[in-house]
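This is what each chain is made of:
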Amino acid sequence: MSTDHWDVVVVGGRIAGASTAWALAPYAERILVVDASRATAFWPQQSTWDRTGNLAWAELDLLDTVLACGAPRTYGDTQRIGDEVVERVYPLEDGYSYRMSVAREVLDPALLAAAQSRGNVTVWRPAQVRDVTTDAGRVRGVTVRHAGVDREVTCDLLVLADGRLSRNVQRVGATAYQVIESPWFALLAYYENLPLPTDRSYFSLQDRSVLICTPCGDKQWCIALDLHQSLIDATGRHPARSYDRMVRDDPHLGPAVAAGRRTTTVGGAGRMRMLRRPMSGPGWCLVGDAGYHLDPVTAQGTRAALVTARILRDRIAAAGRIAGADLTGLTAERDAALAEDWAYTAQIVAPG
Ligand SMILES: Cc1cc2nc3c(=O)[nH]c(=O)nc-3n(C[C@H](O)[C@H](O)[C@H](O)COP(=O)(O)OP(=O)(O)OC[C@H]3O[C@@H](n4cnc5c(N)ncnc54)[C@H](O)[C@@H]3O)c2cc1C
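Residues numbered from 1 in each chain as written. Predicted model: local features only at pLDDT ≥ 70, side-chain atom pairs only at ≥ 80, totals over all residues. Heavy atoms only, no water.

Some points on the sheet that holds strand β18 (residues 273–276)
Next, step 1: Pairing is antiparallel in the open sheet, where 3 strands are placed in the order β11-β18-β21. Both edges of this open sheet fall to β11 (178–181) and β21 (292–293), since each of them pairs with a single strand only.
Next, step 2: With 2 bridges joining them, β18 and β21 adopt antiparallel strand pairing. The residue of β21 that forms the bridge with Arg-276 is Tyr-292.
Next, step 3: Here helix α11 (residues 339–349) sits on the sheet and contacts β11, β18 and β21; the angle it forms with β18, its principal contact strand, is near 150°. (Pairing = 2+ DSSP bridges. Helix = DSSP H or I, 4+ residues; strand = E, 2+ residues; numbered from the N terminus. Contact = heavy atoms within 4.5 Å. Axes fitted to C-alpha atoms, helices over the stretch in contact; angles between N-to-C directions.)

As structure tokens, then:
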């Protein structure tokens, strides 16, 4: 075992982790990002956001990085509610008034590359944090398995950005203080060459399902489906088969996908839990889904991840340093900043 010291170790190198490494780099000498997945792996978690998401990217000074990913901006959508079709144009409030979607296989590496361009951010990937070291109630470091070897690293701050299924949250003692079981199953796949407009999205809101098609790159679209568990139970069909059938039978999308091509498998997740955990403790902080998971049905997860990264960045910036920065009170700050997102999503996930 070799020992290494870093100002910050960030576990997870996707939206929350890469953005946090980018944002904290000016205040640190050395930051280590550890991510267990392979950069090229299909990551079936969509990333669509609206004007509020654009503002969150801009607050972190990452909007140009995101725009350089090449996804078109959408300024309106076609909504099918039951059989009624409505064309909508998004209100023009300012230069951020558009919606966009970037495939995670494009977005996440771009964010990590931005973080690495700071010059003091090192990435170990694929590498897995397998344990957390504490001393006198304070997190001091982690054990990382990298290239087949376990390495002990120490740090002044451990940032867990390892997603909604994080195992490390238990290791630092971050127990959820609010959990809402979700009845929604979220699925998606990517397509190319669909004969659809590139400046608008499509929503079909039907009984217990929402189908969403968003342009996400040059001749690329993401088609996502939120399916209520009661509908899955009623049909007895595997969600991926329902996905195929619902896309094919949709009057707007059916002819389009017949003309184009699906480029990925259908992926996604079900039986998810919205949850809130404390954002910080002695020597640790949670950003993104690890500490605050919103069900994808309202597409606010990206914004929430960015808001948590920004809150941490602002606290560190105020302290001017990583070691010894006071991280108390972040939970209340985060919950206040995201109160509307939580209430809106919770009301859809568990109405009444
Ligand atoms: C099907 C689906 C659709 C969605 N659609 C939308 C949408 O349209 N809009 C939106 O805003 N949000 C959406 N979301 C939510 C959004 O994807 C998440 O909020 C966002 O991915 C959170 O990013 P994150 O960086 O916190 O975590 P993640 O993206 O989950 O990344 C966590 C990373 O940590 C790594 N990791 C885990 N454990 C370890 C370990 N021990 N050691 C090292 N690395 C580790 C993982 O490999 C992974 O790379 C969707 C989610 C799903 C599941």
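Observations concerning the domain arrangement of the protein
Next, step 1: Domain assignment breaks the protein into domain 1 (3–47 + 103–178 + 272–349) and domain 2 (183–269).
Next, step 2: Once you take the C-alpha centre of each, domain 1 and domain 2 turn out to be 30 Å apart.
Next, step 3: On the domain 2 side, the residues contacting the 14 residues of domain 1 number 15 residues.
Next, step 4: Across the domain 1/domain 2 interface, buried area totals approximately 1,100 Å², and carbon plus sulfur atoms make up 65% of it.
Next, step 5: At the surface where domain 1 touches domain 2, the tally comes to 0 salt bridges.
Next, step 6: For the pair domain 1 and domain 2, the number of links is 0 residue pairs in polar contact (both at pLDDT 80 or more).
Next, step 7: Elements with a minimum of two residues in the side of domain 1 that touches domain 2: α4 (104–116) and α11.
Next, step 8: Looking at the side of domain 1 that touches domain 2 residue by residue, the classes come out as 8 nonpolar, 2 polar and 4 charged. (Domains from an automatic or database assignment. Buried area = accessible area lost by both parts, 1.4 Å probe. Salt bridge = Lys/Arg side-chain N within 4 Å of Asp/Glu carboxyl O. Polar contact = N/O pair within 3.5 Å; in protein donor to acceptor, adjacent residues only side chain to side chain. Nonpolar A, V, L, I, M, F, W, Y, C, P; charged D, E, K, R; others polar.)

Comments concerning the site of the ligand
Next, step 1: Among the 30 residues in the neighbourhood of the ligand, the closest are listed as Arg-14, Asp-35, Arg-104, Asp-289 and Thr-302.
Next, step 2: Taking Asp-289, its side chain carries an N or O atom lying 2.8 Å from an oxygen atom of the ligand.
Next, step 3: The protein chains hide 93% of the 1,000 Å² of surface that the ligand would expose on its own.
Next, step 4: Per-element tally for the shell around the ligand: the top contributor is strand β8 (residues 127–135), with 3 residues. (Near = heavy atom within 4 Å. Areas by Shrake-Rupley, 256 points an atom, 1.4 Å probe, with all protein chains shown as cover.)

Observations regarding the packing of helix α9 (residues 301–319) against helix α10 (residues 330–337)
Next, step 1: Relative to each other, α9 and α10 sit at 140°, their axes nearing to 10 Å. Considering their axes alone, α9 and α10 lie oblique with respect to each other. In this structure, α9 meets α10 at a crossing whose hand is right-handed. Contacts between α9 and α10 involve Arg-303, Val-307, Thr-308, Ile-311, Leu-312 and Arg-315 on the former and, on the latter, Leu-330, Glu-333, Arg-334 and Ala-337. (Parallel < 35°, antiparallel > 145°, perpendicular 65-115°, else oblique. Left-handed = near helix turned anticlockwise from the far one by under 90°.)

A word on the packing of aromatic side chains
Next, step 1: A full pass over the atoms with the stated rule returns 5 aromatic pairs.
Next, step 2: Where Trp-6 meets Trp-124, the ring centres are 6.2 Å apart and the plane angle is 85°; that geometry is what we call edge-to-face. Of this pair, Trp-6 sits in strand β1 (residues 3–11) while Trp-124 sits in strand β7 (residues 121–124), and the two are 118 residues apart along the sequence.
Next, step 3: Cation over ring: Arg-118 sits above Trp-22, and NZ or CZ is 3.5 Å from the ring centre. (Phe/Tyr/Trp six-rings, centres within 6.5 Å; stacked < 30°, edge-to-face > 60°. Lys NZ or Arg CZ within 6 Å of the ring centre and 35° of its normal.)

What about the environment of Ala-325?
Next, step 1: Along the chain, Ala-325 turns up in the loop between α9 and α10.
Next, step 2: It is 9.5 Å that separates the C-alpha atoms of Ala-325 and Asp-156, two residues lying 169 residues apart in sequence.
Next, step 3: Discounting residues that sit within four places of it in the chain, Ala-325 has contacts with Ile-316 and Ala-319.

Quick notes on the side chain of Ser-97
Next, step 1: Tracing the sequence through the fold places Ser-97 in the loop between β5 (84–89) and β6 (100–101).
Next, step 2: Here Glu-93 takes part through its backbone nitrogen, which lies 2.9 Å from a polar atom of the side chain of Ser-97.
Next, step 3: A distance of 3.0 Å separates the side chain of Ser-97 from the backbone nitrogen of Asp-94, its partner in a polar contact.
Next, step 4: If sequence neighbours within four positions are ignored, Ser-97 has contacts with Arg-51, Tyr-75, Pro-91 and Leu-92.

Comments concerning the nonpolar core
Next, step 1: Counting 59 residues, the largest nonpolar core has Ile-31, Trp-57, Leu-107, Leu-157 and Leu-312 as its most contacted members.
Next, step 2: Per element, the largest residue contribution to this core is 8 residues, and it comes from α9.
Next, step 3: Setting aside its immediate chain neighbours within four residues, Ile-31 contacts Trp-6, Val-8, Val-10, Ala-21, Leu-24, Ala-25, Asn-120, Val-121 and Thr-122. (Core = buried A, V, L, I, M, F, W, Y, C linked by side-chain atoms within 4.5 Å. Buried < 20%, exposed > 50% of the residue type's maximum accessible area, 1.4 Å probe, protein only.)

Notes on the packing of helix α2 (residues 51–59) against α9
For any two helices packed against each other, the geometry comes down to the angle between their axes and how far apart the axes lie.
Next, step 1: Running from N to C, α2 and α9 point in directions that differ by 30°, and their axes come no closer than 9 Å. Classified by the angle between their axes, α2 and α9 sit roughly parallel to one another. Between α2 and α9 the crossing geometry is left-handed. From α2, Thr-52, Gly-53, Ala-56, Trp-57 and Glu-59 reach across to α9, where they touch Thr-302, Arg-303, Leu-306, Arg-310 and Arg-313.

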